[in-house]
Amino acid sequence: MSDIKESTSRRSPQGRLVLPSLVLARFATQPSGLITGLLLIDIGHTYGISVGEAGQMRAFSSTIALVFALLMGVLSVRYRHKTLLLTGFLFYCVSALGCFLAPNFTVMTVVYSLSGIGMAMVRPMSSALVGAYIPLDKRSNAIGWILAGGSISYLVGAPVVSYLAGLGGWKMAFLGYMLPVSLVSLLLAFTGIPKETINPESPIGGLNYLDGFKEVLANRSAVACLIGASLGMATWTATLTYSTSYFRQRFSIPTSWASLILSGLALCFTLGSLSGGYLINIFGRRRFTIISTILLGISTMLFLNLGVLWLSLVLALVCCVLAGMRYSASDNLTLEQIPEFRGAMMSISSAASSLGSTLGAGVGGLTLISWGYGGLGLSLGSFGIAAAAIYLLFAIDPTSRFPR
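Residues numbered from 1 in each chain as written. Predicted model: local features only at pLDDT ≥ 70, side-chain atom pairs only at ≥ 80, totals over all residues. Heavy atoms only, no water.

Chemist: Quick one: what's the story with the overall build of the chain, residue by residue and with numbers?
Modeler: The secondary structure content of the chain amounts to 15 helices and zero strands. The C-alpha atoms of the chain give a radius of gyration of 20 Å, which matches the 22 Å a tight globule of 404 residues would have. With the C-alpha coordinates of the chain rotated into their principal frame, the extents come out at 60 × 45 × 35 Å. By residue count, 54% of the 404 residues in the chain fall in the buried class. Of the contacts made within the chain by residues no fewer than 6 positions apart, 84% connect residues no fewer than 24 positions apart. For the chain, the accessible surface area stands at approximately 16700 Å², while carbon and sulfur atoms represent 70% of it. (Helix = DSSP H or I, 4+ residues; strand = E, 2+ residues; numbered from the N terminus. Rg over C-alpha atoms; globule rule 2.2 N^0.38 Å. Buried < 20%, exposed > 50% of the residue type's maximum accessible area, 1.4 Å probe, protein only. Contact = heavy atoms within 4.5 Å. Areas by Shrake-Rupley, 256 points an atom, 1.4 Å probe, with all protein chains shown as cover.)

In structure tokens:
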């Protein structure tokens, strides 16, 4: 059935819009975090609270995303992936409008958390739809482009958000950027992704809502991919969360230069995810996941322990290239673990990544307080090495002639 669907999508004009729709879908998951990341001080000032207090709405949204990602593992068994994807965009639209209209911080926290639900729906379903509509030999490149859509969103969105905030305050960024991006993504996905006549994961022969979970958790290789995704995300958190602060504090770099470094990091991640899509076809999903993950762990250890600015900066950029490659490789490997339950697999993987982000932020913060940035790099870098070992020992590539 999936082969028929893929063939149909390739022949139809609508099918040619599948990949652009999914790339824009991943692009649309970033504006909420980008806006709060750039304008958190302004949001706190509006409601008369500190930056730390304002930042709690992001923590609450992340918690909601984690819980809902697990719920998606159940919903994806019963509902069409396209339907869930479109519903996720609706949550983004309501969140953007709600943030613009929020009269107080309590309401702001609640409506902002809706973007966490949207993320928990859009990210795994965009990956699952790759498995449904993109041929196997083109999936690695497709995943690379989809991941690049997320980092390109930062490159494009940062100046736009800054400009809109200058015109009408931080609320204008939600109304003038996040809402239009969500609406356009919704419309393109609605028209560009073919209608699913039969959900490849529909319950057959008495399957129930929990069968997706059961199949994933009973598969040793699938569980290894989940653990690897979580630990790999914890390693990436060192660069994603702490690198800008590291350069500002360690080398006394001004904020203007730090913003340029952030743009460079986003560009390198984009290059990594795109090149990873091609390299996967050369090295294989499992092997390239192992290589990129262990190199990410080592590079993370190094760049936070060097006292030379240019050398640390080069290694930080290398970390971003490797992180893009790792994401592309691990997502491709995870996607093929249990083809009949791709939605459940990618939803649980999304939850595992959220858990890894929480783990990385928590452990990173504690080690930073106790041992400085050097200790942070060693602790979070070691997670990457552990992830590579788990992939090596327990994961297989079902699409390969030589799975191990």
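Chemist: Please set out the packing of aromatic side chains residue by residue, giving values where relevant.
Modeler: Under the definition given, this model contains twelve aromatic pairs. Where Trp-236 meets Phe-269, the ring centres are 5.5 Å apart and the plane angle is 25 degrees; that geometry is what we call stacked. In this pair, Trp-236 is assigned in helix H11 (residues 220-251) and Phe-269 in helix H12 (residues 255-283), connecting sequence segments 33 residues apart. Their ring planes at 15 degrees and their centres at 5.8 Å tell us that Phe-283 and Phe-288 sit as a pair that is stacked. (Phe/Tyr/Trp six-rings, centres within 6.5 Å; stacked < 30°, edge-to-face > 60°.)

Chemist: Requested: an account of the environment of Ala-28, with residues and values cited.
Modeler: Along the chain, Ala-28 falls in the loop between helix H2 (18-27) and helix H3 (31-47). Along the chain, Ala-28 and Gly-118 lie 90 residues apart, while their C-alpha atoms are 9.8 Å from each other.

Chemist: I'd like to hear about the nonpolar core, residue by residue, with values.
Modeler: Burial of nonpolar side chains together is a common tendency in soluble globular proteins. Counting 116 residues, the largest nonpolar core has Leu-85, Phe-89 and Met-108 as its most contacted members. Among residues more than four places away in sequence, those in contact with Met-108 are Ile-43, Tyr-47, Met-57, Cys-99, Ala-102, Trp-170 and Phe-174. (Core = buried A, V, L, I, M, F, W, Y, C linked by side-chain atoms within 4.5 Å.)

Chemist: An account of the pattern of salt bridges is needed here, citing residue identities and associated values.
Modeler: In the structure shown here, the tally under the stated rule is two salt bridges. Here Glu-336 and Arg-342 are joined by a salt bridge, their closest N and O atoms 3.3 Å apart. For the pair shown, Glu-336 and Arg-342 are each scored as buried. Connected via shared salt-bridge partners are Arg-139, Glu-336 and Arg-342. (Salt bridge = Lys/Arg side-chain N within 4 Å of Asp/Glu carboxyl O.)

Chemist: Can you explain the side chain of Ser-349? Please cite residues and give values.
Modeler: In this structure, Ser-349 sits in helix H15 (residues 342-394). Residues within four places of Ser-349 in sequence aside, it is in contact with Leu-226, Ala-229 and Thr-334.

Chemist: Now, about the state of the cysteines: what can you tell me, with residues and values included?
Modeler: Counted by the stated rule, this structure contains zero disulfides. No disulfide involves Cys-99; its nearest neighbouring cysteine sulfur is the one of Cys-93, lying 12 Å away. (Disulfide = S-S within 2.5 Å.)

Chemist: Account for a nonpolar patch on the surface, naming residues and giving values.
Modeler: On the surface, Ile-282, Phe-283, Ile-291, Ile-294, Leu-295, Ile-298, Leu-302 and Ile-385 cluster together to form a nonpolar patch covering roughly 630 Å² of accessible area. Within the secondary structure layout, Ile-385 lies in helix H15. Judged by relative accessible area, Ile-385 falls into the partly exposed class, the value being 32%. (Patch = residues over 30% accessible without salt bridge, like charges linked within 9 Å, V, L, I, M, F, W, Y side chains within 5 Å.)

Chemist: Break down the packing of helix H7 (residues 105-133) against helix H8 (residues 136-168) for me, citing the residues and quoting the values.
Modeler: Geometrically, a packed helix pair is captured by the angle between its two axes and the distance between the axes. Where H7 contacts H8, the two axes come as close as 10 Å, and the packing angle between them is 155 degrees. Between H7 and H8, the interaxial angle falls into the category roughly antiparallel. As H7 packs across H8, the resulting crossing turns out to be right-handed. Listed contacts from H8 to Ser-126, Val-130 and Gly-131 of H7 are Arg-139, Ala-142, Ile-143 and Ile-146. Classifying every residue of the contact of H7 with H8 by side-chain character gives four nonpolar, two polar and one charged. (Axes fitted to C-alpha atoms, helices over the stretch in contact; angles between N-to-C directions. Parallel < 35°, antiparallel > 145°, perpendicular 65-115°, else oblique. Left-handed = near helix turned anticlockwise from the far one by under 90°. Nonpolar A, V, L, I, M, F, W, Y, C, P; charged D, E, K, R; others polar.)

Chemist: Hey, could you go over the environment of Glu-336 for me, with residue numbers and the actual values?
Modeler: By secondary structure assignment, the location of Glu-336 is in the loop between helix H14 (309-335) and H15. Placed 61 residues apart in sequence, Glu-336 and Asp-397 show a C-alpha to C-alpha distance of 7.4 Å. Glu-336 has contacts with Leu-136, Arg-139, Arg-285, Arg-342, Pro-398 and Thr-399, leaving out every residue within four places of it along the chain. Reaching out from Glu-336, the side chain makes a polar contact with the side chain of Arg-139 at a distance of 2.9 Å. (Polar contact = N/O pair within 3.5 Å; in protein donor to acceptor, adjacent residues only side chain to side chain.)

Chemist: Tell me about the packing of H11 against H14, residues and numbers included.
Modeler: Remark: H11 packs on H14, axes separated minimally by 10 Å, with the N-to-C direction vectors making an angle of 160 degrees. Comparing the axis directions of H11 and H14 gives the class roughly antiparallel. Considering only the axes of H11 and H14, their crossing is left-handed. For the pair formed by H11 and H14, the contact residues are Cys-225, Gly-228, Ala-229, Gly-232, Met-233, Trp-236, Thr-239, Tyr-246, Phe-247 and Phe-251 on the first element and Leu-309, Ser-312, Leu-313, Ala-316, Cys-319, Cys-320, Ala-323, Arg-326, Tyr-327, Leu-333 and Thr-334 on the second. Among the residues making up the contact of H11 with H14, the classes are represented as 15 nonpolar, five polar and one charged.

Chemist: Mind laying out H2, listing which residues take part and the relevant values?
Modeler: Buried residues dominate H2, accounting for seven of its ten residues. Buried within H2 are the following residues: Val-18, Ser-21, Leu-22, Val-23, Ala-25, Arg-26 and Phe-27. Its buried side turned inward, H2 meets H3, helix H6 (81-101), H7, H8 and helix H9 (170-192).

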